[in-house]
Amino acid sequence: MDEITLRFPGTDIAPLPLGNGVQGIGRTIGGALRVLGDAAGASMRFCADRRGVWLTVAEDARGVHVNGRPVRRMAMLRMGDTVFFDGNEIVLAASRTPPAPPPAEPFPETGADDPRMVLRGVGGRYHGRSFTLDRPRVVGSAADADVRIEDPAFAERHARIGLQGGLVVLRDLGSVDGSVVNGETLRDAVLQPGDQIVFDAHHRFVIEAPARASQRDESMPVFDDDEADEHVAHAREARQALSHSARRLPWLLLAALLLAAALSALLLFGVAG
């Protein structure tokens, strides 16, 4: 996955690359945030592995939110998420090369591309709603905007998202500050499936696309050769144990029947006596 950097707006803490492993965040005696690595005493721990990034919260920690939602024990994070801890902000920003500039040609009015490519809301007013990208979608405060952000300070035509030659393209239409993509402020960019876009601080969307056969299913576990051999051996042992149990089953059933018949006979003799 792309490298992720923890950023601490409003503090003097330098951006912290989040590689595979654990980064703990705690407080100083004065209440300021501090980076603890894997040392004890952390209020939160950011754990990164091949599956993604996980946030774990200590039992005595309070006031932890992800994108405005409270977290008590654990949450899975994605690039662009914002974690709040007692008023302090931590942003998960992508440490990737700048995105390629979008194509120069204008958006087509209609698209023959796969309509299953969608812009899915994951926060704010449009949480749970999806907008297909079979045609360009305008984001803004205007009444006719496809994704309407009802904020007088938000541009009437903030940005447009659509497909161009199979690419998902974000184009700025005259916004004041641009859009936030994976924690980075951008105006024009080519987006990738899984990218998170934030408009007006709290309206969050994710680009989703149908999986392709040529792409690796990232939701499935990935093993190296030694791990693969170990899992194959475990699977073989499990099949052998199951086969052995299946062969023993008829004999166990026969024994149970004989035992039941013997108990019945004893009961009958007892009654007769």
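Going by the structure above, here's the rest.
Residues numbered from 1 in each chain as written. Predicted model: local features only at pLDDT ≥ 70, side-chain atom pairs only at ≥ 80, totals over all residues. Heavy atoms only, no water.

### Here's the deal with the sheet that holds strand E12 (residues 118-123)
Point 1. Pairing in this open sheet of six strands is antiparallel, and the strands run E13-E12-E22-E21-E18-E19 from one edge to the other. This sheet does not close on itself; its edge strands, each paired only once, are strand E13 (130-132) and strand E19 (184-186). Between one strand and the next, the sheet's axes are offset by a mean angle of 30 degrees, whatever the strand orientation.
Point 2. In terms of strand pairing, E12 meets strand E22 (residues 203-208) through five bridges, oriented antiparallel. From the neighbouring strand, Leu-119 faces E22, where its bridge partner is Ile-207. (Pairing = 2+ DSSP bridges. Helix = DSSP H or I, 4+ residues; strand = E, 2+ residues; numbered from the N terminus. Axes fitted to C-alpha atoms, helices over the stretch in contact; angles between N-to-C directions.)

### Focus: the sheet that holds strand E6 (residues 52-57)
Point 1. Taken together, five strands build an open sheet; the order of strands is E4-E3-E5-E6-E9 and the sheet is antiparallel. The outermost strands of the open sheet, each flanked by one partner alone, are strand E4 (33-37) and strand E9 (74-77). Strand-to-strand twist in this sheet, taken as the mean axis angle between neighbours without regard to direction, amounts to 25 degrees.
Point 2. Direction of pairing for E6 relative to E9: antiparallel, over a ladder of four bridges. Bridge pairing in E9 links Val-53 to Leu-77.

### Brief notes about unusual backbone geometry
Negative phi is the rule for most residues except glycine; trans is the rule for most peptide bonds.
Point 1. Its identity as a non-glycine residue notwithstanding, Asp-200 has a phi of 55 degrees, on the positive side.
Point 2. By the element assignment, Asp-200 lies in the loop between strand E21 (196-199) and E22.
Point 3. Its identity is not glycine, yet Ala-201 carries a phi of approximately 75 degrees, on the positive side.
Point 4. Turning to its location among the elements, Ala-201 is positioned in the loop between E21 and E22.
Point 5. Look at Ala-201 and you get exposed, because its relative accessible area is 65%. (Buried < 20%, exposed > 50% of the residue type's maximum accessible area, 1.4 Å probe, protein only.)

### A look at the nonpolar core
Point 1. The biggest cluster of nonpolar side chains holds 27 residues, and the ones touching the most others in it are Met-44, Phe-46, Leu-55, Leu-77, Val-83 and Ile-90.
Point 2. Looking at this core, the elements that each hand over two or more residues are strand E1 (4-7), strand E2 (16-18), strand E5 (44-49), E6, strand E7 (64-66), E9, strand E10 (82-85) and strand E11 (88-94).
Point 3. Apart from the residues within four sequence positions on either side, Met-44 is in contact with Gln-23, Gly-24, Ile-25, Leu-55, Thr-56, Val-64, Val-83, Phe-85 and Ile-90.
Point 4. In this structure, Phe-154, Ala-159, Leu-170 and Ala-189 belong to the second largest nonpolar core, which totals 21 residues. (Core = buried A, V, L, I, M, F, W, Y, C linked by side-chain atoms within 4.5 Å. Contact = heavy atoms within 4.5 Å.)

### Quick word on the pairing of strand E17 (residues 167-172)
Point 1. Here E17 lies mainly inside the structure; five of its six residues are buried.
Point 2. Bridging between strand E16 (residues 159-164) and E17 involves six bridges; their strand directions are antiparallel. Paired with Gly-162 across the strands is Val-169, a residue of E17.
Point 3. Here E16 folds back onto E17, and the loop between the two strands holds two residues, one of which, Gly-165, carries a positive phi near 60 degrees.
Point 4. When E17 meets strand E20 (residues 189-191), the two strands line up antiparallel, connected through three bridges. Note on E20: the bridge partner recorded for Val-168 is Leu-191.

### Observations concerning the packing of aromatic side chains
Point 1. One pass over the full model with this rule turns up four aromatic pairs.
Point 2. Here Tyr-126 and Phe-131 contribute two aromatic rings whose centre-to-centre distance is 5.6 Å and whose plane-to-plane angle is 70 degrees, an arrangement assigned as edge-to-face. In this structure, Tyr-126 and Phe-131 share a single accessibility class: buried.
Point 3. Seen in terms of ring centroids, Phe-199 and Phe-205 are 5.9 Å apart; in terms of plane orientation they differ by 55 degrees. Their pairing is tilted.
Point 4. The class of Phe-199 is buried, set by a relative accessible area of 1%.
Point 5. A connected cluster of aromatic rings, assembled from ring pairs, spans Tyr-126, Phe-131, Phe-199 and Phe-205.
Point 6. Its end group placed over the ring of Phe-85, Arg-27 keeps NZ or CZ at 4.6 Å from the ring centre. (Phe/Tyr/Trp six-rings, centres within 6.5 Å; stacked < 30°, edge-to-face > 60°. Lys NZ or Arg CZ within 6 Å of the ring centre and 35° of its normal.)

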